[in-house]
Amino acid sequence: EPEVTQTPSHQVTQMGQEVILRCVPISNHLYFYWYRQILGQKVEFLVSFYNNEISEKSEIFDDQFSVERPDGSNFTLKIRSTKLEDSAMYFCASSETRDQPQHFGDGTRLSIL
Amino acid sequence: AQSVTQPDIHITVSEGASLELRCNYSYGATPYLFWYVQSPGQGLQLLLKYFSGDTLVQGIKGFEAEFKRSQSSFNLRKPSVHWSDAAEYFCAVGPHGKLTFGTGTRLTIIP
């Protein structure tokens, strides 16, 4: 069964540095998403992306964050000038249409030191 | 605004016993409802979904859920749990691509 893949599985970064989290969505999917889960808390929506632009974003997704689909397969989340509170598990997801179920990757655990 | 409540933080069930995990949602229109399962160190796997139609939906791994509009609920059930069902279970509501998750219920299975 096709999967969403995320790299790296664990990223450790110094506070203030930039980090890029990478995702390869399922190949025939057109909608892409990022979520995050701070340890012990619920999974939170960050952003959705379709047709090379952001469809919707949450209050969490401020100017520190950006997303990009640099080629036909990758979908990235960039966090500029990371803060301690950015430490979380970041999940990428994709779906065929906006209303079809989202398929999630295994996540990237981001640790900010 | 849409929201999901999972009132049980942690449930312990004996292997072979039945299971029901509760989920209540708040949404202004007909909701799209999902149950996901997360095993330690892994991503979220879709168990089942409700969009419309039959209010009792079947999912993978022997799970089912029933949508009750009058109670704003979408409880997950399984008649007989297996040790491999131990995991965190998340209910989510979300038409139009933006999923809102509950806080999750951690399921422990005892022999």
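Refer to the structure presented above.
The written sequence of each chain sets the order in which its residues are numbered from 1. Think of it this way: whatever chain is written first is A, whatever ligand is written first is 1, and the rest follow in order. Totals for whole chains, interfaces and linings use all residues, but because this is a predicted model, local features are given only for residues with pLDDT of at least 70 and pairs of side-chain atoms are given and counted only at 80 or more. Excluding hydrogens and water, the side-chain values take into account all heavy atoms of the structure.

S.K.: Can you walk me through the nonpolar core in this structure?
M.R.: For soluble globular proteins, nonpolar side chains are generally found buried alongside one another. Put simply, buried Ala, Val, Leu, Ile, Met, Phe, Trp, Tyr and Cys residues joined by side-chain atoms within 4.5 Å make one nonpolar core. To sort residues, take the accessible area from a 1.4 Å probe on protein chains only and compare it with the maximum for the residue type: under 20% means buried, over 50% means exposed, and anything in between is partly exposed. The biggest cluster of nonpolar side chains holds 26 residues, and the ones touching the most others in it are L19(B), W35(B), L47(B), L48(B), F74(B), L76(B) and Y89(B). The helix count covers DSSP runs of H or I at least four residues long, the strand count covers runs of E at least two residues long, and both are numbered beginning at the N terminus. When residues of this core are traced back to their parent elements, those giving at least two are β2 (10-14), β3 (19-21), β5 (33-38), β6 (44-50), β8 (64-68), β9 (73-78), β10 (87-93) and β12 (105-110) of chain B. With four residues, the single largest contributor to this core is β10(B). Counting 23 residues, the second-largest nonpolar core is a separate cluster that includes L21(A), C23(A), F32(A) and L77(A).

S.K.: Mind showing me how you'd approach the side chain of S94(A) here?
M.R.: Residue and element names in this part refer to chain A. Its place among the elements puts S94 in strand β9 (residues 88-95). According to the relative accessible area criterion, S94 is buried, its value standing at 0%. Pairing of N or O atoms within 3.5 Å defines a polar contact, subject to two protein rules: one partner must be a possible hydrogen donor and the other a possible acceptor, and residues neighboring in sequence count only if both atoms are side-chain atoms. Here I26 takes part through its backbone nitrogen, which lies 3.4 Å from a polar atom of the side chain of S94. Here the side chain of S94 touches H29 through a polar contact of 2.7 Å, side chain to side chain.

S.K.: Hey, could you run me through the interface of chain B and chain A in this one?
M.R.: One widely used convention gives an interface's size as the accessible area the parts lose upon coming together. Here, residues are in contact when the closest pair of their heavy atoms is within 4.5 Å. On the side of chain A, 16 residues touch chain B, which itself brings 21 residues to the contact. Approximately 1700 Å² of surface area, both sides summed, lies buried where chain B meets chain A, with 57% of it carried by carbon and sulfur atoms. Basic side-chain nitrogens of Lys or Arg form a salt bridge, by our definition, when they fall within 4 Å of a carboxyl oxygen of Asp or Glu. Inspection of the chain B/chain A interface yields one salt bridge. Note that K98(B) and E56(A) form a salt bridge whose closest N and O atoms lie 3.9 Å from each other. Applying the counting criterion to the chain B and chain A interface returns seven residue pairs in polar contact (both at pLDDT 80 or more). Looking at the side of chain B that touches chain A, the elements that each hand over two or more residues are β5 and β6 of chain B. Considered class by class, the residues forming the side of chain B that touches chain A number eleven nonpolar, eight polar and two charged. What counts as buried area is the accessible surface, traced by a 1.4 Å probe, that two parts surrender upon association, with contributions from both included. Put simply, Ala, Val, Leu, Ile, Met, Phe, Trp, Tyr, Cys and Pro go in the nonpolar bin, Asp, Glu, Lys and Arg in the charged bin, and everything else, Gly too, in the polar bin.

S.K.: What exactly am I supposed to notice about the packing of aromatic side chains here?
M.R.: Aromatic ring pairs are described here by two measures, namely the spacing of the ring centres and the angle between the planes. Two aromatic rings from Phe, Tyr or Trp, using only the six-membered ring of Trp, form a pair when their centres are within 6.5 Å; if the ring planes differ by under 30 degrees the pair is stacked, by over 60 it is edge-to-face, and anything between is tilted. Evaluation of the coordinates by the stated rule reveals 21 aromatic pairs over all chains. The interplanar angle of 50° and the centroid separation of 5.6 Å between the aromatic rings of F63(B) and Y89(B) together place this pair among those described as tilted. Placement of the pair is F63(B) in the loop between β7 (56-58) and β8 and Y89(B) in strand β10, with a sequence separation of 26 residues. Connected via pairs of aromatic rings, a cluster forms that spans Y33(A), Y35(A), F45(A), F91(A), F104(A), Y32(B), F34(B), Y36(B), F51(B), F90(B) and F101(B).

S.K.: Looking at this model, I keep getting lost on the state of the cysteines. Mind explaining?
M.R.: Defined simply, a disulfide is a covalent bond joining two cysteines at their sulfur atoms. Put simply, a disulfide is two cysteine sulfurs that come within 2.5 Å. For the structure shown, the criterion picks out two disulfides over all chains. There is a disulfide in this structure between C23(A) and C92(A), and the S-S distance comes to 1.9 Å. Judged by the sign of its S-S torsion, about -65°, the bond between C23(A) and C92(A) is left-handed. In this pair, C23(A) is assigned in strand β3 (residues 19-24) and C92(A) in strand β9, connecting sequence segments 69 residues apart. The class for C23(A) is buried, based on a relative accessible area of 1%. Paired through a disulfide, C23(B) and C91(B) show a sulfur-sulfur distance of 1.9 Å. Between C23(B) and C91(B), the disulfide has an S-S torsion of -65° and is therefore left-handed. In this pair, C23(B) sits in the loop between β3 and β4 (24-26) while C91(B) sits in strand β10, placing the two residues 68 residues apart along the sequence.

These figures come from the coordinates and say nothing about function on their own.
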